[in-house]
Amino acid sequence: MNVSIIGATGYGGAELVRILQAHPDVAIYSVHSSSRHGTPMIDSYPHMQTVADLLLEDIDVDILQREVDLVFLATPSGVSAKLAPKLLARGLKVIDLSGDFRLKDRQMYKSWYGKEAGDYEWLKKAVYGLTEWVEEDLQQVDFIANPGCYPTATLLGLAPLVKSELIDPSSIIVDAKSGVSGAGRGISETSHFSETNESTKIYKVNAHQHTPEIEQMLVSWNDAIQPITFSTHLVPMTRGIMATIYVDAMKETNLDEIYNLYMESYKDVYFVRVREKGVFPSTKEVAGSNFCDLGLAYDERTQRITIVSVIDNLVKGAAGQAVQNMNKMLGMDEKTGLAFVPIYP
């Protein structure tokens with residue numbers, strides 16, 4: 001199977017190259033960049049000596065149509081909305097890592113992203129690829145909207161409780177923290193070393209564009225769910241997301257009951273690991289991997305449940321989940337090329 005990566009010089013695109021160059025069943029046919037085409041991939045990432053022959057190309061849909069089975073779009077929001085339909089119309093499979101096709105409501109996309117949404121025809125066809133909870137047979141799907149990093153951590157943490165209708169639907173509060181790589185490779189004041197080092201900063205208060213994406217999925221599982229409180233923070237580390245989620249139980253419960261629910265929900269899921277009762281994961285324990293680790297707590301005084309969810313934002317939150325979706329689309333074991341342990345320390 002030949003695959004191409006458009007937007008290969010961003011962090012998400014570079015992670016795709018790192019993972020796919022070792023994948024046993026696919027070959028990277030081409031890598032593309034609108035800003036650095038004509039230069040070797042190693043000019044952008046000198047550590048990629050094993051793919052030194054990869055030359056960044058401009059985007060040529062006709063060549064991709066002839067030689068490629070699947071295309072990853074690791075492009076900024078607004079680009080995929082125009083590019084994905086052209087690729088799909090030529091019979092290619094597409095996995096879009098941007099946010100352009102995640103929201104089904106075009107007006108909501110424009111409101112939160114400040115850009116025009118993709119055509120409604122393609123929005124309807126795009127399958128939201130939260131891999132562990134996708135109901136469709138992905139072998140029958142040509143177009144996947146890969147979830148955002150914050151939504152991946154949050155939704156995997158909430159799914160068992162929300163689907164079981166065990167929580168107050170108006171009580172969801174998410175306190176999420178991300179490493180600086182989540183801001184992308186471009187230099188900005190918010191991601192500058194001297195601005196982020198030895199500091200923690202809240203940003204996009206009540207205005208993060210991943211909010212409606214999370215709510216859309218939660219409501220699809222339980223239509224009683226109300227708008228959530230979702231706060232995001234930048235912390236001085238390179239990789240990782242920790243989402244600490246607070247919800248009120250609908251009835252008196254206990255940690256054993258909650259723990260058993262999660263163990264049952266994820267018993268056959270390789271990439272979600274539920275920690276033992278009283279044990280909580282850290283971001284370093286999933287770094288460089290496609291795992292989502294969950295820790296659980298229940299406060300009998302307040303009847304409040306706490307879920308701690310950690311992922312690597314560039315792997316499970318982007319490129320790793322995209323490859324997991326690709327594996328299922330192409331009829332392979334979803335773990336293929338991804339079953340590596342986290343980097344530690």
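Structure shown above.
Rules used throughout
- Residues numbered from 1 in each chain as written.
- Predicted model: local features only at pLDDT ≥ 70, side-chain atom pairs only at ≥ 80, totals over all residues.
- Heavy atoms only, no water.
- Helix = DSSP H or I, 4+ residues; strand = E, 2+ residues; numbered from the N terminus.
- Rg over C-alpha atoms; globule rule 2.2 N^0.38 Å.
- Areas by Shrake-Rupley, 256 points an atom, 1.4 Å probe, with all protein chains shown as cover.
- Lys, Arg positive; Asp, Glu negative; His and termini not counted.
- Charge placed at Lys NZ, Arg CZ, Asp CG, Glu CD.
- Contact = heavy atoms within 4.5 Å.
- Axes fitted to C-alpha atoms, helices over the stretch in contact; angles between N-to-C directions.
- Parallel < 35°, antiparallel > 145°, perpendicular 65-115°, else oblique.
- Nonpolar A, V, L, I, M, F, W, Y, C, P; charged D, E, K, R; others polar.
- Pairing = 2+ DSSP bridges.
- Right-handed = clockwise from strand over helix to strand, strands pointing away.
- Salt bridge = Lys/Arg side-chain N within 4 Å of Asp/Glu carboxyl O.
- Buried < 20%, exposed > 50% of the residue type's maximum accessible area, 1.4 Å probe, protein only.
- Left-handed = near helix turned anticlockwise from the far one by under 90°.

J.: Lay out the overall build of the protein with the relevant residues and their values.
T.: Along the backbone of the protein there are eleven helices and 14 strands. Computed over C-alpha atoms, the radius of gyration of the protein comes to 20 Å, within 12% of the 20 Å expected from 2.2 N^0.38 for 345 residues, which places it in the range of a compact globule. Principal axes of the C-alpha set define a box for the protein whose edges measure 60 × 45 × 40 Å. Within the structure as shown, the protein displays about 15100 Å² of accessible surface, and the carbon and sulfur contribution to it stands at 49%. Within the protein, one finds 31 positive and 44 negative side-chain charges whose respective centroids are separated by 3 Å.

J.: Could you give an account of the environment of Ala243, with specific residues and numbers?
T.: Within the element layout of this structure, Ala243 appears in strand 11 (residues 241-248). Setting aside chain neighbours within four positions, we find Ala243 in contact with Ala153, Thr154, Val174, Asp175, Ala176, Ile307, Val308 and Ser309.

J.: For the packing of helix 7 (residues 149-163) against helix 10 (residues 255-265), give the residues involved together with the corresponding values.
T.: Where helix 7 meets helix 10, the axes come as close as 10 Å, and the angle between the chain directions of the two elements is 110 degrees. Taken together, the axes of helix 7 and helix 10 lie roughly perpendicular to each other. Across the interface between the two elements, Gly157, Leu158, Pro160 and Leu161 of helix 7 pack against Leu261, Tyr262 and Ser265 of helix 10. Class assignment for the residues of the contact of helix 7 with helix 10 results in five nonpolar, two polar and no charged.

J.: If you had to explain the sheet that holds strand 8 (residues 173-178) to someone new, which residues and values would you point to?
T.: Overall, mixed pairing links the seven strands, which are arranged 9-10-8-11-14-13-12 in an open sheet. The open sheet has two edge strands, strand 9 (201-203) and strand 12 (272-274), and neither has a second partner. Averaged over all adjacent pairs, the angle separating strand axes in this sheet is 25 degrees, with direction ignored. With three bridges connecting them, strand 12 and strand 13 (residues 292-299) associate as parallel partners. Looking at strand 13, one finds that Val272 is bridged to Cys292. Helix 7 contacts strand 8, strand 9, strand 10 (229-234), strand 11, strand 12, strand 13 and strand 14 (304-311) of the sheet and is inclined by roughly 35 degrees relative to strand 11. Strands in contact with helix 10 are strand 12, strand 13 and strand 14; relative to strand 13, the strand with the most contacts, it is inclined by about 160 degrees.

J.: Go over the pairing of strand 2 (residues 27-32), please, and point to the residues and values.
T.: Two faces, one strand: in a regular strand the side chains alternate between the faces of the sheet. Alignment of strand 1 (residues 2-6) against strand 2, held across five bridges, turns out to be parallel. Following the sheet pairing, Val3 is matched in strand 2 by Ile28. Regarding topology, helix 1 (residues 11-20) serves as the crossover connection from strand 1 to the parallel strand 2, and that connection is right-handed. Of the strand pairs in this sheet, strand 2 and strand 3 (residues 56-57) are connected by two bridges, and their pairing is parallel. Within strand 3, the position partnered with His32 by the bridge is Glu57.

J.: Give me the pattern of salt bridges: which residues, what numbers.
T.: Counted under the stated rule, the structure contains 18 salt bridges. Two residues, Arg239 and Glu15, come together in a salt bridge whose shortest N-O distance is 3.0 Å. Of this pair, Arg239 sits in the loop between strand 10 and strand 11 while Glu15 sits in helix 1, and the two are 224 residues apart along the sequence. Given the relative accessible area of 5%, Glu15 is considered buried. In this structure, Arg301 engages Asp299 in a salt bridge whose closest nitrogen and oxygen atoms are separated by 3.3 Å. Classification of Arg301 as exposed rests on a relative accessible area of 72%.

J.: Describe in detail the packing of helix 7 against helix 9 (residues 211-221), supporting the description with residues and values.
T.: Viewed as axis vectors pointing N to C, helix 7 and helix 9 meet at an angle of 20 degrees, and their least axial separation amounts to 10 Å. Overall, the two elements helix 7 and helix 9 adopt an arrangement that is roughly parallel. Between helix 7 and helix 9 lies a crossing of right-handed hand. Facing helix 7, whose interface residues are Pro151, Thr154, Leu155, Leu158, Ala159, Val162 and Lys163, helix 9 presents Glu213, Ile214, Met217, Leu218 and Trp221.

J.: Hey, could you go over the sheet that holds strand 6 (residues 127-128) for me, with residue numbers and the actual values?
T.: Sheet architecture is open: seven strands sit in the order 3-2-1-4-5-7-6, paired in parallel fashion. Of all strands in the sheet, those bounded by a partner on one side alone are strand 3 and strand 6. Note: strand 1 against strand 4 (residues 70-73), four bridges, orientation parallel. Across the sheet, residue Ser4 finds its bridge partner in strand 4, namely Val71. Against the sheet, helix 11 (residues 315-329) touches strand 1, strand 4, strand 5 (93-96) and strand 7 (143-145), its axis set at about 160 degrees to strand 5.

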